[in-house]
Amino acid sequence: MSGLNINDVSMTFELPNGGSVEALKNINLNIQKGELVSVLGPSGCGKTTLLNILAGFLAPTDGIIELNGELVKKPSSERGMVFQQGALFEWMNVSKNIGFGPKMKGTPQLEIDKKVTELLDIVGLKDFADKMIYEMSGGMQQRVALARCLANDPDVILMDEPLGALDALTREKMQSLVLDIWKKTGKTIILITHSVEEALLLGERLIVMAPRPGRIHKEYNLPFAELGVGADLREVKRHKKFGPTRDEILNMIWNMEEEIMGRAEN
Ligand SMILES: Nc1ncnc2c1ncn2[C@@H]1O[C@H](COP(=O)(O)OP(=O)(O)O)[C@@H](O)[C@H]1O
Ligand SMILES: [Mg+2]
């Protein structure tokens, strides 16, 4: 079977005090090659746990994950991860960061150089090849992180709130870049976000998760990501379905959080 197959995945964490947390319960999801999926949900609903399982950093307590029919058991360059921040090598320049994966694989230097040049162009950092990471702004660092991930030519790109630490304007530009990369590379992308607007813009499929136990609550198929490719995202937000869908999802998450607070107070 092709694509990413999440089959009845559950994850329970045992706590030192003898209790346990059902971080995920019976997650089923089939993601086709080239799909752009956003995952949204209140804090603690298991988004990061799910991504870590997909990456192979964590083994689920139940269920299996398959990528193109192969069981996912450990991390692999076919599943690249982009973190919120701080995962770059500070002591290397931009080019070396981007070329790191191919170099580890023993790719010839000429080929690495060609790839790095191409990726610098894709992420809009042509003139920054020799800069050190600490010389770059947060937004530029996330561009490097994206390029570094792409350099491994993964089948699936996993992103855990990759734009969460950026200021509003930079974030908007990066949202466009994610759409651009999705279209240019045809990669499967799964992006976690706290922002309802971002989930709407960056998900042709938007998965809303609910907490305790972490599960899939609702799924939307949306036109906005496709409309946003190469377009002004503010224009996309004016689409007649954008506001009502945003409000519906905001209410949904608001109610979940109310329920959590109510339970916590009892
Ligand atoms: N290593 C762990 N040990 C114990 N509990 C954990 C661990 N990782 C996550 N959890 C718990 O699992 C639940 C889901 O966490 P997480 O996946 O980080 O949620 P999200 O990313 O949606 O905020 C939370 O209740 C969290 O406290
Ligand atoms: Mg998280």
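As the structure is a computational prediction, the values presented were derived from the model and not from experiment.

**Observations concerning the sheet that holds strand β1 (residues 4–14)**
The four strands lie next to each other as β2-β1-β4-β5, forming an open sheet whose pairing is antiparallel. Every interior strand has two partners, whereas the edge strands, β2 (20–31) and β5 (70–71), have only one. Bridge count for β1 against strand β4 (residues 62–67) is five bridges, and the pairing is antiparallel. Across the sheet, residue Asn7 finds its bridge partner in β4, namely Ile64. Contacts from helix α1 (residues 47–55) reach β1, β2 and β4 within the one sheet, and its direction differs from that of β1 by about 120°.

**Digging into the site of ligand 1**
For ligand 1, the full set of nearby residues is Phe13, Leu15, Val21, Ala23, Pro42, Ser43, Gly44, Cys45, Gly46, Lys47, Thr48 and Thr49. In this structure, an oxygen atom belonging to ligand 1 sits 3.1 Å away from a main-chain N or O atom of Gly46. Between ligand 1 and Lys47, the relevant distance is 2.9 Å, taken from an oxygen atom to a side-chain nitrogen or oxygen of the residue. Protein burial of ligand 1: of its 560 Å² of free accessible surface, 60% is covered by the chains. Of the residues that constitute the shell around ligand 1, the class distribution is six nonpolar, five polar and one charged.

**Some words on the pattern of salt bridges**
Taken as a whole, this structure holds 14 salt bridges when the rule is applied. Residue Arg234 pairs with Glu172 through a salt bridge whose shortest N-O separation is 3.0 Å. Pair noted here: Arg234 is in helix α8 (residues 233–236) and Glu172 is in helix α5 (residues 168–185), with a separation of 62 residues, a long-range link. The structure contains a network of salt bridges with shared partners spanning Glu197, Lys237, Arg246 and Asp247.

**A short note on the domain arrangement of the chain**
How big an interface is tends to be stated in terms of the accessible area lost upon association of its parts. When cut into domains, the chain gives domain 1 (1–78 + 155–225) and domain 2 (89–153). Just the C-alpha atoms count here: the centres of domain 1 and domain 2 sit 24 Å apart. Tallying the contact residues gives 13 residues for domain 1 and 12 residues for domain 2. Each partner contributes to the roughly 1,200 Å² buried at the junction of domain 1 and domain 2, and carbon and sulfur atoms together form 73% of this total. Joining domain 1 to domain 2, the criterion identifies one salt bridge. A salt bridge links Asp153 to Lys187; its shortest N-O distance comes to 2.5 Å. The interface formed by domain 1 and domain 2 includes two residue pairs in polar contact (both at pLDDT 80 or more). Elements that contribute at least two residues to the side of domain 1 that touches domain 2 include exactly β7 (156–160) and α5. The element best represented in the side of domain 1 that touches domain 2 is α5, accounting for six residues. Residues of the side of domain 1 that touches domain 2, tallied by class, amount to seven nonpolar, three polar and three charged.

Conventions we followed
Residues numbered from 1 in each chain as written. Chains lettered and ligands numbered in written order. Predicted model: local features only at pLDDT ≥ 70, side-chain atom pairs only at ≥ 80, totals over all residues. Heavy atoms only, no water. Pairing = 2+ DSSP bridges. Helix = DSSP H or I, 4+ residues; strand = E, 2+ residues; numbered from the N terminus. Contact = heavy atoms within 4.5 Å. Axes fitted to C-alpha atoms, helices over the stretch in contact; angles between N-to-C directions. Near = heavy atom within 4 Å. Polar contact = N/O pair within 3.5 Å; in protein donor to acceptor, adjacent residues only side chain to side chain. Areas by Shrake-Rupley, 256 points an atom, 1.4 Å probe, with all protein chains shown as cover. Nonpolar A, V, L, I, M, F, W, Y, C, P; charged D, E, K, R; others polar. Salt bridge = Lys/Arg side-chain N within 4 Å of Asp/Glu carboxyl O. Domains from an automatic or database assignment. Buried area = accessible area lost by both parts, 1.4 Å probe.

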